[in-house]
Amino acid sequence: MRLTRYFLPVLKETPADAQIVSHRLMLRAGMIKQASAGIYSWLPLGYRVLRNIERIVHEEQERAGHIPMLMPTLQSADLWRESGRYDDYGEEMLRIRDRHDRDMLYGPTNEELITDIFRSHVTSYKDLPLTLYHIQWKFRDEIRPRFGVMRGREFLMKDGYNFDVSKEAALHAYNRHLVSYLRTYERMGLQAIPMRADGGPIGGDYTHEFLVLAETGESEVFYDSAVTDLTFGDREIDYDDVAQCQGVLEEFTTRYARTDETHDEGVFHSQVPEERRRSARGIEVGQIFYFGTKYSEPMGAMVDDGQGGRVPVHMGSHGIGVSRLLGAIIEASHDDKGIIWPEGVTPFHVGIVNLRQGESATDAACEGLYAGLKARGFDPLYDDRDERAGAKFATMDLIGLPWRITVGPRGIEKGVVELTSRRTGESEEVSAEAAVERIAEIYDDR
Ligand code: ATP
Ligand code: MG
């Protein structure tokens, strides 16, 4: 993409009403524009990152054997009356009436809709296990939408639902989700720690929230600092291997890590030596849940169990806050100049800065780099504006591309360009061909 042909409405002023850094930077970098309270348009740069996050979520869900689909945003109230949640859900649910006076709602989540699909088509244990998921917009009429995309009213969520014949099988689905989530967040350059969370009215131990530690997080968390040393890395996983998935769950959840709702000061003190006890704030970027037959029973989602009986299926639901993740990644990765995108989600792989726009030698070198990178399958952003070097650098730093190639007349004389890391600020002088090679190596590693 050439910047002169792109739509990147960068703001010079710091928006006064944005309280946290990720919100400020997303506005300043021209990624989002507020449409109304808690509802945003995704401008081209923000949309690119959102799509990258979606792509990673899809890849990791499909790797785990989960099946993508798409359900609508608007749902009929009748299904929610069957589960009993139409009255329970309260003010957060946006209720709508259509021209025929039918009660509709903008889905805040999809347990009812998916259970209805399941019961219409599946009748036998032989069709299980089954996990279906989608990535779709949700609406929750939050009392205090704030922090930009972090707590929106309309937001994008991946929500997946497992259907299993027994509790034991459903707990394997739970473990599989935990493993796939660890991989997903790491590919986005994030450490998201699974923490024991509140089962709410359903109760039980089978729910974990994934938290990214950040001062601006809305959740209060307590943990053993040893959990921050755990990384999933690129280990091979067989998602059908029950013991292996269980092993990963134990490795990542045995040490103390809880949100304030489940925190127990006594257990914390007896389990964790003082020097490793931490309390901090975190951003909830996902949650997994086993809830048994809570929906299948009232809604009649039954299968024959192969022994002449019929049993309600065991279910769980598993969510990732896709749009919230943009905010969480920026909270975790920025400096005073702007965003620093991890390679996994960056909107463009590399920026090209021409220090002398209009001069034939630098223009030709930039065009060569641009074509060379495109030919290798990369998306460069070429700043071809007739602007001062300082302004070009400031834009690149603000929008946070992890790598920048700077082309100037002095370098061209020596046959070199400058390759700079946004994260470390370190630069190396290399030939244009070597710069393309380096970019290819960097992205191949990931
Ligand atoms: P919270 O406690 O933050 O209100 P939740 O526990 O109600 O969230 P879930 O139902 O677990 O949310 O939804 C799955 C994921 O969707 C959450 O982990 C979070 O990342 C994201 N999410 C939930 N509410 C919002 C929101 N208002 N804006 C953006 N993302 C959200
Ligand atoms: Mg949650």
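As a reminder, the structure under discussion sits directly above these lines.
If you're wondering where the values come from, they're calculated on a predicted model, not measured in any experiment.

Calculation rules
- Residues numbered from 1 in each chain as written.
- Chains lettered and ligands numbered in written order.
- Predicted model: local features only at pLDDT ≥ 70, side-chain atom pairs only at ≥ 80, totals over all residues.
- Heavy atoms only, no water.
- Helix = DSSP H or I, 4+ residues; strand = E, 2+ residues; numbered from the N terminus.
- Rg over C-alpha atoms; globule rule 2.2 N^0.38 Å.
- Contact = heavy atoms within 4.5 Å.
- Areas by Shrake-Rupley, 256 points an atom, 1.4 Å probe, with all protein chains shown as cover.
- Lys, Arg positive; Asp, Glu negative; His and termini not counted.
- Charge placed at Lys NZ, Arg CZ, Asp CG, Glu CD.
- Axes fitted to C-alpha atoms, helices over the stretch in contact; angles between N-to-C directions.
- Parallel < 35°, antiparallel > 145°, perpendicular 65-115°, else oblique.
- Left-handed = near helix turned anticlockwise from the far one by under 90°.
- Phe/Tyr/Trp six-rings, centres within 6.5 Å; stacked < 30°, edge-to-face > 60°.
- Lys NZ or Arg CZ within 6 Å of the ring centre and 35° of its normal.
- Donors = N, O, S within 2.8 Å, 3.2 Å for Na, K, Ca; no water.
- Buried < 20%, exposed > 50% of the residue type's maximum accessible area, 1.4 Å probe, protein only.
- Pairing = 2+ DSSP bridges.
- Near = heavy atom within 4 Å.
- Polar contact = N/O pair within 3.5 Å; in protein donor to acceptor, adjacent residues only side chain to side chain.
- Nonpolar A, V, L, I, M, F, W, Y, C, P; charged D, E, K, R; others polar.

Quick look at the overall build of the protein chain
Thinking step 1. On a plain count of helices and strands, the protein chain comes out with 14 helices and 23 strands.
Thinking step 2. Over its C-alpha trace the protein chain gives a radius of gyration of 24 Å, about what one expects of a compact globule, namely 22 Å for 446 residues.
Thinking step 3. Its C-alpha atoms give the protein chain principal-axis dimensions of about 80 × 60 × 40 Å.
Thinking step 4. Look at the contacts in the protein chain between residues 6 or more apart in sequence, and 71% of them connect residues 24 or more apart.
Thinking step 5. Accessible surface for the protein chain amounts to roughly 20,100 Å². Of this, 46% is attributable to carbon and sulfur atoms.
Thinking step 6. Counting 54 positive and 74 negative side-chain charges, the protein chain places the centres of these two groups 4 Å from one another.

Observations concerning the packing of helix α6 (residues 167-187) against helix α7 (residues 242-253)
Describing two packed helices takes the angle between their axes plus the distance from one axis to the other.
Thinking step 1. The interhelical angle for the contact between α6 and α7, taken along N-to-C directions, is 60°, at an axis separation of 9 Å. The pairing of α6 with α7 is recorded here as oblique in orientation. Crossing of α6 over α7 shows left-handed handedness. Counted together, His 172, Tyr 174, Asn 175, Arg 176, Leu 178, Val 179 and Leu 182 of α6 and Val 242, Cys 245, Gln 246, Val 248, Leu 249, Phe 252 and Thr 253 of α7 form the full contact between these two elements.

Some points on the packing of aromatic side chains
Thinking step 1. With the rule as written, the count across this model stands at 16 aromatic pairs.
Thinking step 2. Pairwise contacts between aromatic rings join Tyr 174, Tyr 206 and Tyr 290 into one cluster.
Thinking step 3. Over the face of the ring belonging to Tyr 86 we find Arg 95, whose NZ or CZ atom lies 4.7 Å from the ring centre.

Description of the coordination of the magnesium ion (ligand 2)
Thinking step 1. Taken together, the protein donors to the magnesium ion (ligand 2) comprise Glu 284 (OE) and Gln 287 (OE1), at separations of 2.0 to 2.2 Å.
Thinking step 2. Look at Glu 284 and you get partly exposed, because its relative accessible area is 25%.

Focus: the sheet that holds strand β6 (residues 103-106)
Thinking step 1. If you trace the 3 strands from one edge of the open sheet to the other, you get β4-β6-β5, paired in antiparallel fashion. Here the strands that pair on one side only, and so sit at the sheet edges, are β4 (74-76) and β5 (94-97). Direction aside, the axes of adjacent strands within the sheet are offset by 35° on average.

Observations concerning the site of ligand 1
Thinking step 1. Taken together, 14 residues sit near ligand 1, with Arg 140, Glu 142, Arg 151, Gly 152 and Glu 284 positioned nearest.
Thinking step 2. Contacts to ligand 1 include Arg 324, whose side-chain N or O atom sits 3.0 Å from an oxygen atom.
Thinking step 3. Those elements giving two or more residues to the shell around ligand 1 turn out to be β8 (154-164) and β13 (277-292).
Thinking step 4. With 4 residues, β13 is the single largest residue contributor to the shell around ligand 1.
Thinking step 5. Split into classes, the residues belonging to the shell around ligand 1 amount to 5 nonpolar, 4 polar and 5 charged.

So, unusual backbone geometry
Thinking step 1. Look at the link from Leu 128 to Pro 129: it is a cis peptide, with omega at 5°.
Thinking step 2. Mapped onto the secondary structure, Pro 129 falls in the loop between α5 (111-121) and β7 (130-139).
Thinking step 3. Even without a glycine there, the phi angle at Asp 101 is positive, about 65°.
Thinking step 4. Of note, Asp 101 is situated in the loop between β5 and β6.
Thinking step 5. In this structure Asp 101 comes out as exposed when scored by relative accessible area, which is 58%.
Thinking step 6. Positive phi, close to 60°, is recorded for Phe 147, a residue that is not glycine.
Thinking step 7. Mapped onto the fold, Phe 147 is located in the loop between β7 and β8.
Thinking step 8. Accessibility expressed as a relative area gives 12% for Phe 147, which makes it buried.

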